[in-house]
Amino acid sequence: MAKPIALAFSLCLLVLFHSCLAARQQSQSSQQNECQLDQLQAREPDNRIETEAGRIESWNYNQDDFRCAGVAVQRITVERNGLHLPSYTHAPQLIYIVQGNGFLSTVFPGCPETFEESEQSDEEQQGQQQWQGQQGRHGQQGREQQEQQDRGQHNRHGQQGQQGRQGQESFEQLDRHQKVRRIREGDVVAIPAGVTYWSYNDGDQPLVAVSLLDIGNNQNQLDRNPRRFYLAGNPQDEFNQHGQSQRQRGQQGRGQQAEGQSQWDQDQQQQGERSRYQQQQGGRSRHQQQQRQGNNNNIFAGFNTQLLADALNIDQQTAQQLQGKNDNRPQIVRIRGRLDFIRPPESQQEERQEQGIQRQQGQQGPNGFEETFCNFRIKENIGRPSRADVFSPQAGRVSTLNSFKLPILRHLDLSAERGFFYNNAIYSPHWNLNAHEVYYVIRGSARVQIVNNNGQAILDNEVRQGQLFIVPQNHAVLQKASNNGYEYIAFKTQDNAKINTLAGRTSVLRALPDVVLANAYQIDRQQARNLKYNRQETVALSSSRSSESQRAIS
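Analysis parameters
Residues numbered from 1 in each chain as written. Predicted model: local features only at pLDDT ≥ 70, side-chain atom pairs only at ≥ 80, totals over all residues. Heavy atoms only, no water. Helix = DSSP H or I, 4+ residues; strand = E, 2+ residues; numbered from the N terminus. Buried < 20%, exposed > 50% of the residue type's maximum accessible area, 1.4 Å probe, protein only. Contact = heavy atoms within 4.5 Å. Areas by Shrake-Rupley, 256 points an atom, 1.4 Å probe, with all protein chains shown as cover. Core = buried A, V, L, I, M, F, W, Y, C linked by side-chain atoms within 4.5 Å. Axes fitted to C-alpha atoms, helices over the stretch in contact; angles between N-to-C directions. Parallel < 35°, antiparallel > 145°, perpendicular 65-115°, else oblique. Nonpolar A, V, L, I, M, F, W, Y, C, P; charged D, E, K, R; others polar. Pairing = 2+ DSSP bridges. Phe/Tyr/Trp six-rings, centres within 6.5 Å; stacked < 30°, edge-to-face > 60°. Lys NZ or Arg CZ within 6 Å of the ring centre and 35° of its normal.

Draft legend 1. Main features of the overall build of the protein chain. Summing up its helical and strand segments, the protein chain has 16 helices and 25 strands in all. Every one of the 554 residues in the protein chain was classed for burial, and the buried ones make up 42%. Counted over contacts in the protein chain with a minimum sequence separation of 6, partners at least 24 positions apart contribute 76%. Of the accessible surface of the protein chain, which amounts to about 31,200 Å², a share of 45% is contributed by carbon and sulfur atoms.

Draft legend 2. Region of the structure containing the environment of Ile-332. Its place among the elements puts Ile-332 in strand S14 (residues 332–334). Distance from Ile-332 to Pro-235, taken between C-alpha atoms, is 8.7 Å for residues 97 residues apart in sequence.

Draft legend 3. Geometry of the nonpolar core. By size, the foremost hydrophobic cluster in this structure holds 56 residues, and its most contacted members are Val-73, Leu-94, Tyr-96 and Ile-489. What Val-73 contacts, discounting residues up to four positions off in sequence, is Glu-57, Ser-58, Trp-59, Phe-66, Val-210, Ser-211, Leu-212, Val-438 and Leu-468. Listed in part, the 26 residues of the second largest apolar core include Val-477, Tyr-488, Ala-490 and Ala-540.

Draft legend 4. Region of the structure containing the packing of helix H14 (residues 514–521) against helix H15 (residues 525–533). For the pair H14 and H15, the least separation of the axes is 8 Å and the interaxial angle reads 110°. With respect to H15, the axis of H14 lies roughly perpendicular. When H14 is examined against H15, the residues Asp-514, Val-515, Leu-517, Ala-518 and Tyr-521 are found in contact with a partner set consisting of Arg-525, Ala-528, Arg-529, Leu-531 and Lys-532. Of the residues that constitute the contact of H14 with H15, the class distribution is 6 nonpolar, no polar and 4 charged.

Draft legend 5. Layout of the pairing of strand S11 (residues 196–200). Burial analysis of S11 places 5 of its 5 residues in the buried class, which makes it a mostly covered element. Burial along S11 is two-sided: the residues Thr-196, Trp-198 and Tyr-200 and Tyr-197 and Ser-199 are all buried. Of the strand pairs in this sheet, strand S4 (residues 82–89) and S11 are connected by 3 bridges, and their pairing is antiparallel. What sits directly across from His-84, in S11, is Ser-199. Taken together, the 5 bridges between strand S6 (residues 101–107) and S11 define a ladder with antiparallel strand orientation. The residue of S11 that forms the bridge with Thr-106 is Tyr-197.

Draft legend 6. Inspection of the packing of aromatic side chains at higher detail. Using the criterion set out here, one finds 10 aromatic pairs in the structure. Arranged with centres 6.5 Å apart and planes meeting at 85°, the rings of Tyr-61 and Phe-239 form a pair that is edge-to-face. With Tyr-61 in the loop between strand S2 (54–58) and helix H2 (64–69) and Phe-239 in the loop between strand S13 (228–230) and helix H6 (258–273), the pair connects residues that are 178 residues apart, well separated along the chain. Using a relative accessible area of 4% as the deciding quantity, one classes Tyr-61 as buried. With relative accessibility at 6%, the residue Phe-239 sits in the buried group. Plain terms: the ring middles of Tyr-88 and Phe-229 are 5.1 Å apart, the flat faces sit at 5° to each other, and that makes the pair stacked. Of this pair, Tyr-88 sits in strand S4 while Phe-229 sits in strand S13, and the two are 141 residues apart along the sequence. Exposure remark for Phe-229: the relative accessible area of 26% places this residue in the partly exposed category. Of the aromatic side chains, those joined through ring pairs into one cluster are Phe-421, Tyr-427, Tyr-439, Phe-469, Tyr-486 and Tyr-488. Across from the ring centre of Phe-103, 4.0 Å away, lies the NZ or CZ of Arg-182, which sits over that ring.

Draft legend 7. Expanded view of the environment of Ser-386. By secondary structure assignment, the location of Ser-386 is in the loop between strand S15 (379–381) and strand S16 (390–392). Looking at Ser-386, the relative accessible area reads 64%, which means it is exposed. Counting along the chain gives 13 residues from Ser-386 to Ser-399, while the straight-line C-alpha distance between them is 9.3 Å.

Draft legend 8. Looking closely at the sheet that holds strand S10 (residues 187–191). Within the open sheet, the 7 strands sit side by side as S1-S2-S3-S12-S5-S10-S15. Their pairing is antiparallel. A strand with exactly one partner marks an edge of an open sheet, and here the two such strands are strand S1 (47–51) and S15. Taking each pair of neighbouring strands and ignoring which way they run, the sheet shows an average axis angle of 20°. Pairing analysis gives 5 bridges linking S2 to strand S3 (residues 72–78), with the strands arranged antiparallel. Its bridge partner lying in S3, Gly-54 is registered against Val-78.

Written as C-alpha cells, this is what we have:
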C-alpha cells in the first residue's frame, strides 16, 4: 500500500519539476528572442500628452528594439513657470537636460531636510509684530493672572510646558526640505528606483529633458511595463498602457476603442454589484471608474479618505485635496506667481570650485562622507566643451559619464555619453562590449548604419533631430555627421560601458599583426600596414575623402 502512494507522490514531483523547468526555459527563450532583430528604425515619439504647462512624449516600449534593450524613453517639456509634480518610478532612470534650466529635487527616504529657514521673512516678522501689538494688553493681563495662579499652585512646570509648546509651534512655522539642485543644459541626472523627484522651470525658455527608464534593471522587481507613480494631480497614462491614442486626448480620456468599451461595460456591471460597499470606502468607486475611463490618479486617491486623514493627522477636507478630488490638472501644472523655496545664493565661482572638489572625490574612489546614501551626488554636466574626454579640432568631441565620475551610477548600473561632431565627421565604427546603447539626436543629422552578427545592415538611414535609435550589444555601428553637424546623447545599460573600435589608433585592426590581416582579407602586407596605420585618431575621425569620391563609393 505504501509503495503505490510513494510512487504516485514521486510522479507528481517529477511532473511539477518538469513543468517549472519548461516554464523557465520558455521565459528565458522569449527574452533571448527579443534581440533577434532583423530591422531597426530611427523613431520619433508616438505618444503625447498635453498639459497646462508642458507636454510629455514617449516612445512605444513594446517595439522589438526597446524590448531587447529593456528600456523606456520619454521627452518631457516643462514650460516657463511649470511644475512637474512629484513622482517616482519602479526602475532607475537617467535624465539629460537638452534645453533650458530650472530646479530639480530628489527625496531620499530617511534622510534629513538639510535646507531650512534660519530666520523668518520680513513679512512674517511684521505680521507677527502686529499680532503681538494687538494682543499686548490681553497678554499682559493674562501673564499677571497666570503668575498669581502659579504662585498659589506651585505649577512652574506647567508654565514651562506651555512655553515649550509655543516655542515648538514657532519652530514648526519654518520650512525645511531636502536639497534642491539647479539643473542646466548638458546636465545628466541619476534617479534611483523608487526615489521621488520634482522639477520646476524658472527660466525664460522651455525646459526640455530626455529620460531613460531602465526597466530591464535588476532593481525593477515588477514586469517590463514602465510605470510612474505620482504623489499629486490626476495624471494621464504616459506610456499608453491601455493601447489608446494619447495625442490631443481630453482630460477624461474619452474616445475608447470598441474592445475597450465592451470591457468597460462589463466593469460597470461589476461596479454596480459592489456599489454599496464602494460607497463606504470614501470615494474608492470614483477612483476605479476614472481608471476604466483611461484616467489615472495619484497614489493618495486609492486610500480611504478617513483613514488617510487619520494617518496624516489632518482633516478630511485636506485629505480630499491630496487625493485630487475636483482637480483635473495632469502631470505638469502652471504656478501662479513665483515658486519660492529655500535655496542658497548662486555663484559661478563657487559652482566651479564645487565641481573641482567633486571630480577629485570621484577620482579617489567610493570612500568617505561624499559616498553616504543621503549625500549622493546625482548630477554631472557633460555638455561643456571643457568636459570632453576625446577631442579633435577637425572632427569634434565626445564626453563620457560612468561610475568613476559619478559614483551613484554604480548603483543604477547605467552610464551616458555626449557627442558633438563637426560637418562630415565620422564616429569611428565600433561595438559595445557590455551594454545596449540608446541614442537621442539633439541637433543636426547623421547617416547611421548598424550591422548584426550575420553581417546584415539592419539600419541604414539618416537620423535627425528629435529621433531616437537603439544599438544592441555587440552590434557594429558607424555614424557620419551631415553637412550641418551631429549632436547626440547616448544612454548605456552598464555603469562602465566599453567600446571596441574598428578604425583609428586604438582599434582592433591596429592590434592585429599585419600578416594576420593580410591572410584574413587576402591583401599584401603593405596594404595591411596601410589598413592599420592610415588613421591616427582614436574615436572622432575627420573625413578623409572628397565629397565626389564619397558619392562614388556609396
